[in-house]
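Spelled out from the first residue to the last, the chains are:
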Amino acid sequence: MEHTIGNLGQEIRQPSKPYENLTEEGVWHCRVNALLASMPELNDGTKGYPKGSVELGQGYVLLRKRDKQSWLLTREEAQVISEFIGKNQPLHHFKWWVRLGLLNGQIARSLW
């Protein structure tokens, strides 16, 4: 119950009308739950990745937040990365990502 209340609290979008938005979110969740209870074939069991995430393949996913502006590598960073991905691969601009979704469902976080 506390978990549900916490989730609904996070979904309040406009702080000027918090109770109205909380009510709308609660009604929406009840409708979805009622629909899935009456028609279980609609629930495919898959959960998509959050908006703005980037699927890397092999079960890894970059999750938001990320740096808005890309940055160029220093010479040492470029050397290490080119050794890792291959000498003939082009090096593009890079952005910092805060979270990485792992194969086992855990989320690794970086100090950024």
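Computed from a prediction, not measured in an experiment: that's the story for all the values here. (Residues numbered from 1 in each chain as written. Predicted model: local features only at pLDDT ≥ 70, side-chain atom pairs only at ≥ 80, totals over all residues. Heavy atoms only, no water.)

## A look at the overall build of the protein chain
When helices and strands are counted, the protein chain shows 3 helices and 4 strands. Helices and strands appear in the protein chain in the N-to-C order α-α-β-β-α-β-β. Within the span of the protein chain, comprising 112 residues, buried residues form 12% of the whole. Look at the contacts in the protein chain between residues 6 or more apart in sequence, and 44% of them connect residues 24 or more apart. Of the roughly 9,900 Å² of accessible surface on the protein chain, a fraction of 56% belongs to carbon and sulfur atoms. (Helix = DSSP H or I, 4+ residues; strand = E, 2+ residues; numbered from the N terminus. Buried < 20%, exposed > 50% of the residue type's maximum accessible area, 1.4 Å probe, protein only. Contact = heavy atoms within 4.5 Å. Areas by Shrake-Rupley, 256 points an atom, 1.4 Å probe, with all protein chains shown as cover.)

## Some points on the side chain of S82
Along the chain, S82 falls in helix α3 (residues 75-85). Apart from the residues within four sequence positions on either side, S82 is in contact with K87 and L91.

## Side note on the packing of aromatic side chains
By convention here, two paired aromatic rings are described through the distance between centres and the angle between planes. Enumeration according to the criterion identifies 2 aromatic pairs in this entry. Centre to centre, the rings of W71 and F94 are 6.1 Å apart; their planes meet at 40 degrees, and the pair counts as tilted. Taken together, the residues W71 in the loop between β2 (60-66) and α3 and F94 in the loop between α3 and β3 (97-101) connect sequence positions 23 residues apart. Since its relative accessible area comes to 25%, F94 is described here as partly exposed. Aromatic side chains W71 and W96 sit 5.4 Å apart centroid to centroid with 20 degrees between the ring planes, which places their arrangement in the stacked category. Of this pair, W71 sits in the loop between β2 and α3 while W96 sits in the loop between α3 and β3, and the two are 25 residues apart along the sequence. Taken together, the aromatic side chains of W71, F94 and W96 make up a single cluster linked through ring pairs. (Phe/Tyr/Trp six-rings, centres within 6.5 Å; stacked < 30°, edge-to-face > 60°.)

## Description of unusual backbone geometry
At the junction of R64 and K65, the peptide bond is cis and its omega measures out at 10 degrees in the coordinates. The topology assignment puts K65 in strand β2. Its identity is not glycine, yet Q58 carries a phi of approximately 55 degrees, on the positive side.

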